[in-house]
Amino acid sequence: MEDDFEEIKWNLKKYGQEHLLNGYNNLSETKQKQLLDQLRHIDYQLLNSLYNNIKKENTTSNDKITPIEYFDKEKLYDDYDVYKAIGEKAIRNRKLAAVTMAGGQGTRLGHNGPKGTFDIGLESHKSLFELLSDSLKEQGKKYGVIIPWFIMTSRENNDQTIEFFAKHRFFGYEKDKNIFFFKQGELPMLDTEGKILIGEDGLVKEAADGHGGIYEALVKNGMTKKMRELGVEWIFIGGVDNCLVKMVDPVLMGIAISKHVTAAGKSVVKANPQEKVGVFCKKNGKPSVVEYTEIPKEMAEMTDEKGQLVYGESHILCNLFNIDAVERMGNKPLPYHTAFKKATYIDKNGNKVVPDGPNAYKFEAFLFDAFGELDDMAILRVKREEEFAPVKNATGTDSPETARELYRKFYKLK
Ligand code: UTP
């Protein structure tokens, strides 16, 4: 233990992070153990290189971006029934699992609690989690199966999420039998000098590693192993905040199976060239998503001979993956993107600092950065009003109000 402590100290000194032990003697024994455990597992080299790359991140890349082909669900004609039948057979044979990513902080919405517990204001006052579970159960029933549901949380919201489900008797699911919870990974936050922050609890201040952490979290937490035991071959991965998400789509599955691709993603047509969404594309010949912040204006506005946007297939975080692909992606590190955030911390003199504005770097991986690992990906264009009602902001676009209207319209509620 003593040796271990000295080794940690030595390592911290090596990476200029020795301040992390400043408050050690004032911590309880349990906290001391927790802190040492954190310090033992931090990848200091990775953090160093992330910090050194912060300034470089916005430099232009030489990536070759080209449009991606897609299927339009409305225009599949005779193939529609063929794909549907193939997908339905796989669903009946219990080849599908659903994953909901619910580890985000939901900063823009500002709800006090996990985003999935948010009531969007329907007459029923159902939470996002309940709306998702309703749809998943209904679809399962249609095919005579219970679709196993895997929910990714973060350290911050895991306990509250599980408590919420328990209070609602897991909406009819059985914990660890057909509903599973697992936590995503985290990375320490850095100040503008590259120093790791200590949080109010005296421990290293860590933040969820972005939705791109999903693959590693599924593998590391034994979820893909569990899925294999259940006979699952295909994994639908979606966000918690789209109350119209269709986690069970036989047509999408049928296309993926018959086209022999390892993934299939749904898109909706970009509402206008300026809409703040990422769009599917090919990057150096591989499937990818180009973020709205990265797409040049002329590219965003480019139209084809029919007047349609060339880069108009919005990525809506509704993707289906073969389990082999998920395991492959889960074992390969993804690049991290930097976000500058507001973070309360304890300074080196032991004082609590509550900043007025952003003061710390957070590192996040994006789910679609892994798409380049896929041989190919089928894109299925679906109707926005049927499948996409996101809850992102407290008011205005993509708010509870817009999502509620879309939900009511789709389900023909009053
Ligand atoms: P967003 O990128 O919209 O983030 O997540 P958010 O946390 O919900 O909201 P803001 O940006 O803080 O306002 C899209 C989906 O990815 C999940 C979210 O829970 C949501 O379902 N997500 C995001 C994670 O599971 N983990 C993360 O680290 C980030």
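Scroll up to find the structure this text is about.
Definitions and cut-offs
- Residues numbered from 1 in each chain as written.
- Predicted model: local features only at pLDDT ≥ 70, side-chain atom pairs only at ≥ 80, totals over all residues.
- Heavy atoms only, no water.
- Disulfide = S-S within 2.5 Å.
- Phe/Tyr/Trp six-rings, centres within 6.5 Å; stacked < 30°, edge-to-face > 60°.
- Helix = DSSP H or I, 4+ residues; strand = E, 2+ residues; numbered from the N terminus.
- Buried < 20%, exposed > 50% of the residue type's maximum accessible area, 1.4 Å probe, protein only.
- Arc of directions from axis to C-beta.
- Contact = heavy atoms within 4.5 Å.
- Near = heavy atom within 4 Å.
- Polar contact = N/O pair within 3.5 Å; in protein donor to acceptor, adjacent residues only side chain to side chain.
- Areas by Shrake-Rupley, 256 points an atom, 1.4 Å probe, with all protein chains shown as cover.
- Nonpolar A, V, L, I, M, F, W, Y, C, P; charged D, E, K, R; others polar.
- Pairing = 2+ DSSP bridges.
- 1 Å grid on protein atoms, 1.4 Å probe; cavity = no way out; pocket = protein on both sides within 12 Å on 5 of 7 lines; lining within 4 Å.
- Points joined across faces, edges and corners; volume = space filled by probe spheres on them.
- Right-handed = clockwise from strand over helix to strand, strands pointing away.
- Core = buried A, V, L, I, M, F, W, Y, C linked by side-chain atoms within 4.5 Å.
- Salt bridge = Lys/Arg side-chain N within 4 Å of Asp/Glu carboxyl O.

Moving on to the state of the cysteines. All told, the structure shown has 0 disulfides when counted by the stated rule. Cys243 forms no disulfide, and the closest cysteine sulfur to it belongs to Cys318, at a distance of 12 Å.

One pair of aromatic rings is described through two measures. These are the centre distance and the angle between the planes. Counted by the stated rule, this structure contains 20 aromatic pairs. Ring plane angle 15° and centroid distance 5.5 Å describe the contact between Tyr15 and Tyr44, whose orientation is recorded as stacked. Note that Tyr15 is positioned in the loop between helix H1 (2-14) and helix H2 (29-41) and Tyr44 in helix H3 (residues 44-53), a separation of 29 residues in sequence. With a relative accessible area of 19%, Tyr15 lands in the buried category. Looking at Tyr44, the relative accessible area reads 5%, which means it is buried.

The next point concerns helix H6 (residues 158-167). The complete set of buried residues in H6 reads Asn158, Thr161, Phe164 and Phe165. Here the buried residues of H6 occupy an arc of 130° about the axis, which is enough to place them on one side. Within H6, the exposed residues directed more than 90 degrees away from the buried face are Asp159, Glu163 and Lys167. In this fold, the buried residues of H6 make contact with helix H5 (128-142), strand S4 (149-153) and strand S5 (179-183). Looking at the residues trailing H6, positive phi occurs at Arg169, about 45°.

Moving on, we get to the site of the ligand. Taken together, the neighbourhood of the ligand is formed by 19 residues, with Met101, Thr107, Arg108, Gln184 and Lys392 sitting nearest. Between the ligand and Thr107 there is a distance of 2.3 Å, counted from an oxygen atom to a side-chain nitrogen or oxygen. Val240 has a polar backbone atom sitting 2.9 Å from an oxygen atom of the ligand. For the ligand, whose accessible area on its own is 560 Å², the fraction buried by protein is 88%. Classifying every residue of the shell around the ligand by side-chain character gives 6 nonpolar, 9 polar and 4 charged.

Along the chain, the position of Tyr83 falls in helix H4 (residues 78-92). Once you skip the residues sitting within four places of it in the chain, Tyr83 turns out to touch Phe71, Leu76, Pro250, Val251, Gly254, Ile255, Ser258 and Lys259.

Turning to the sheet that holds strand S17 (residues 360-364), a few remarks are in order. The 3 strands lie next to each other as S7-S17-S14, forming an open sheet whose pairing is antiparallel. Each edge of the open sheet carries a strand with a single partner, namely strand S7 (190-191) and strand S14 (337-341). Here S7 runs beside S17; their pairing, made up of 2 bridges, is antiparallel. Across the sheet, Asp191 pairs through a bridge with Ala360, a residue of S17.

Following the criterion strictly, the structure yields 1 cavity of 30 Å³ or more and no others. Looking at the largest cavity, the residues that line it are Tyr15, Gln17, Tyr44, Leu47, Asn48, Tyr51, Leu190, Gly194 and Ile196. A total of 4 residues in the lining of the largest cavity trace back to one element, the largest contributor, which is H3. Class assignment for the residues of the lining of the largest cavity results in 6 nonpolar, 3 polar and no charged.

Our next topic: the pairing of S4. Burial analysis of S4 places 5 of its 5 residues in the buried class, the great majority of the element. Residues Trp149, Ile151 and Thr153 of S4 are buried on one face, and the alternating residues Phe150 and Met152, pointing to the opposite face, are buried as well. Inspection of the sheet shows strand S3 (residues 96-101) paired to S4 by 4 bridges, in the parallel sense. Within S4, the position partnered with Val99 by the bridge is Phe150. Where S4 meets S5, 5 bridges bridge the pair, whose relative direction is parallel. Residue pairing for S5: Ile151 is matched across the bridge by Phe181. One crossover worth recording links S4 to the parallel S5 by way of H6, and it is right-handed.

What follows concerns the nonpolar core. Ranked by size, the top nonpolar core spans 43 residues in total, and within it Leu96, Trp149 and Phe165 carry the most contacts. When residues in this core are grouped by element, the largest group, 5 residues, is from helix H9 (residues 250-258). If near-sequence neighbours (up to four positions away) are discounted, Trp149 is found in contact with Ala98, Thr100, Phe129, Leu132, Ser133, Leu136, Phe165, Tyr173, Asn178, Ile179, Phe180 and Met247.

A full pass over the atoms with the stated rule returns 30 salt bridges. In this structure, the salt-bridge partner of Lys73 is Asp249, at a minimum N-O distance of 2.9 Å. Here Lys73, found in the loop between strand S2 (71-72) and H4, pairs with Asp249, found in the loop between strand S9 (234-239) and H9; they are 176 residues apart in sequence, far enough to count as distant. Taking relative accessible area as the criterion, Asp249 reaches 6% and is therefore assigned buried. Here Glu200 makes a salt bridge to Lys352, at a shortest N to O gap of 3.0 Å. Of the two residues, Glu200 is situated in the loop between S7 and strand S8 (206-208) and Lys352 in strand S16 (residues 352-353); the sequence distance between them amounts to 152 residues.

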